[in-house]
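Letter by letter, the chains look like this.
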Amino acid sequence: MTSRARTSLSPVERPNFFRDLLDHVGFGAADSARLAAAVPDEPTIRRVVERFYDDLLRYEETRRVIGGGEQVARMKGTLRDWVVSLFAGPHDEAYFERRCRIGRRHVQIGLEEHSMFTAMAVIRDELGVALEVAPPATLRALHKILDVELAVMVETYREERFEIDVLRESERTYRDLIDNAPELILAVDREGRIQHINRTALDLLGHAGGPAPERLSDLVVGNDRERVWAAIRPVFDGAADVELETRFLERTGAERDVVVKVAGLAPSSVRAEPSVRLFVQDVTEARRLARQVEEKRRLAAIGQMVAGIAHEIRTPLQVITTGVASLVESIEAPGPSLEREIARTQEGLRRVRGFIQEILDYSKEIHLDRLEFEPATLVGSALADLAEEAERLNVRVATRFRPDVGRIFADPFRIKQVLVNLLQNAIEAVARGGSVDVDVRAVAGPGGPSIEFAVRDDGRGIPESDRSRIFLPFFTTKPRGTGLGLPIVQRIVHAHGGHIEVESRPGRGTTVRFRIPANIESRPPCPANAS
């Protein structure tokens, strides 16, 4: 912050300032007594007050600062008391301090200096007319004290403007530090209005370059707003700082885990609303990593269990499979009934092997082999795998690729696995003659561009009671389902740093959307000798 040298001490630092002014204009005890004996009557004072405000309110900027009727009436009452004390005194240090407070208040509310000086000239003229018949010594005393009043006004305006300039410079420096701080910082008033939000918060929550959030409730997720505000409210009344965890909303609607420390904040000026500071730490990534660690531990435990089960089941299962195959070969002409039993046995064995493989797939840590590819190519490949089943069930499948869809840097095998699973679920959910739509579009967000895949069907939908459980392992509504398809899909999407959501209305169909960061800018460079 640029330093400034003060050209004078404040009135508080110069206790003899007022006495020096009185001596300079020759105002003494006799002058004070003469004015005390000449206090104007109420009609005269009212005329002076009305003339003063008629002149002052000629200026548009003054009308804007002072405002409407109640404020003007209040200020007229203050001026009436000012005129009385101008005459009645006593003209001592307390009188001087009252005048300084009035001058500071004028500066703080934004009254322009030239407007006040012009209005003071009106007071001088009006009071001079009122004392025309008074002794000349009384008129001279009036002009002396008005000269002192003018000097006090100049001093307080100069002093207060200097303080305001210093304060503004300090605020600019403070705001610059706040805006560039690594954490999210907000100032919130008693009504929950956001007085200031730093650049870090705007960038992270996706509001940079757009309208900033106006209220804290715009940021806190809906079901947590009441709890958060109940924790913050006591800090306005001097309670100790508090710390709490909640979730903030990005402009896109995505949620972020945050830790909020609430601290008291004194207003920077008399016009500022009392507010508190919120120091917000984004812990989304830390929570995600913690969940990943916990998931890895859980999956490791499942993996150990599954490895033991697989070891115990696979060997006898292989013996059974081999035995059935040998039995089939040894029978020269099995009848229709036996053929059906053999087919059912082989199908059962295939399902058991598939179930064991799905458990193994779910328990393994997901490793991604990222490549750059066109989403349309991958969707086409997934649809080709399911074309025969869709045709058998007479299900119409349509695709839509928005013009802004570009290439994506992800694991094509895993993304295809997701698409096949979702498409198969959709095809199985619709009745014969139903339809499935695949919509692919580009989505902008604070973390960079993403590609959104949406799979819609017009099938029976998912009951409300089941919707919260569809990503739980082993939960299924299918007669022959394992309940691991959607949990595996979710893990693949999350492994890519993406997000998956389900919308469904019973009898109206289901839409599953998942977003994957495009990550084109972060892909590794191709080797120079790559073909």
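Residues numbered from 1 in each chain as written. Predicted model: local features only at pLDDT ≥ 70, side-chain atom pairs only at ≥ 80, totals over all residues. Heavy atoms only, no water.

## Some details on the overall build of the protein
At step 1: On a plain count of helices and strands, the protein comes out with 16 helices and 12 strands.
At step 2: For the protein, the proportion of its 531 residues judged to be buried stands at 39%.
At step 3: Counted over contacts in the protein with a minimum sequence separation of 6, partners at least 24 positions apart contribute 68%. (Helix = DSSP H or I, 4+ residues; strand = E, 2+ residues; numbered from the N terminus. Buried < 20%, exposed > 50% of the residue type's maximum accessible area, 1.4 Å probe, protein only. Contact = heavy atoms within 4.5 Å.)

## Observations regarding the pattern of salt bridges
At step 1: The final tally for this structure, using the stated rule, is 30 salt bridges.
At step 2: Note that Lys-416 and Asp-385 form a salt bridge whose closest N and O atoms lie 2.9 Å from each other. Remark: Asp-385 occurs in helix 13 (residues 375-392) and Lys-416 occurs in helix 14 (residues 412-429); sequence separation between them is 31 residues.
At step 3: Within this structure, Arg-441, Glu-452, Glu-503, Arg-513 and Arg-515 form a network of salt bridges that share partners. (Salt bridge = Lys/Arg side-chain N within 4 Å of Asp/Glu carboxyl O.)

## A word on helix 14
At step 1: For helix 14, built from 18 residues, the straight-helix expectation of 26 Å at 1.5 Å per residue is met to within 8% by its first-to-last C-alpha distance of 25 Å.
At step 2: Among the residues of helix 14, those classed as buried are Pro-412, Arg-414, Ile-415, Val-418, Leu-419, Asn-421, Leu-422, Leu-423, Ala-426, Ile-427 and Ala-429.
At step 3: Capping of helix 14 at its N-terminal end is provided by Asp-411; its side-chain oxygen lies 3.1 Å from the backbone amide nitrogen of Phe-413. (Expected span 1.5 Å × (residues − 1). Polar contact = N/O pair within 3.5 Å; in protein donor to acceptor, adjacent residues only side chain to side chain.)

## Describing the packing of helix 3 (residues 42-56) against helix 5 (residues 69-88)
At step 1: The contact between helix 3 and helix 5 brings their axes to 10 Å, and the two run at 125°. Considering the angle they form, helix 3 stands oblique to helix 5. Where helix 3 crosses over helix 5, the two elements pack in a sense that is right-handed. Residues Glu-42, Ile-45, Val-49, Glu-50, Phe-52 and Tyr-53 of helix 3 pack against Met-75, Lys-76, Leu-79, Arg-80, Val-83 and Val-84 of helix 5.
At step 2: Looking at the contact of helix 3 with helix 5 residue by residue, the classes come out as 8 nonpolar, no polar and 4 charged. (Axes fitted to C-alpha atoms, helices over the stretch in contact; angles between N-to-C directions. Parallel < 35°, antiparallel > 145°, perpendicular 65-115°, else oblique. Left-handed = near helix turned anticlockwise from the far one by under 90°. Nonpolar A, V, L, I, M, F, W, Y, C, P; charged D, E, K, R; others polar.)

## Considerations on empty space enclosed by the protein
At step 1: A complete count under the given rule lists 1 cavity of 30 Å³ or more for this structure.
At step 2: In this model, the largest cavity occupies a volume close to 30 Å³.
At step 3: Considering the residues around the largest cavity, the lining is formed by Leu-216, Val-220, Val-228, Ile-232, Leu-244, Phe-248, Val-260 and Leu-278.
At step 4: Residue assignment for the lining of the largest cavity shows that the elements contributing at least two residues are helix 10 (225-232) and strand 3 (242-249).
At step 5: Here the residues of the lining of the largest cavity sort into 8 nonpolar, no polar and no charged. (1 Å grid on protein atoms, 1.4 Å probe; cavity = no way out; pocket = protein on both sides within 12 Å on 5 of 7 lines; lining within 4 Å. Points joined across faces, edges and corners; volume = space filled by probe spheres on them.)

## Overview of helix 5
Each α-helix turn comprises 3.6 residues. Residues three or four places apart therefore point the same way.
At step 1: The terminal C-alpha atoms of helix 5 lie 29 Å apart, and with 20 residues this matches the ideal 28 Å at 1.5 Å per residue to within 8%.
At step 2: Within helix 5, burial applies to Val-72, Met-75, Leu-79, Trp-82, Val-83, Ser-85, Leu-86 and Phe-87.
At step 3: Following helix 5 by one or two positions, Gly-89 adopts a phi angle in the positive range, close to 70°.

## Overview of a nonpolar patch on the surface
At step 1: On the surface, Met-305, Ile-309, Ile-313 and Val-352 cluster together to form a nonpolar patch covering roughly 310 Å² of accessible area.
At step 2: Per-element tally for the nonpolar patch: the top contributor is helix 11 (residues 284-330), with 3 residues.
At step 3: For Ile-309, a relative accessible area of 39% gives the class partly exposed. (Patch = residues over 30% accessible without salt bridge, like charges linked within 9 Å, V, L, I, M, F, W, Y side chains within 5 Å. Areas by Shrake-Rupley, 256 points an atom, 1.4 Å probe, with all protein chains shown as cover.)

These values are about where atoms sit, not about what they do.
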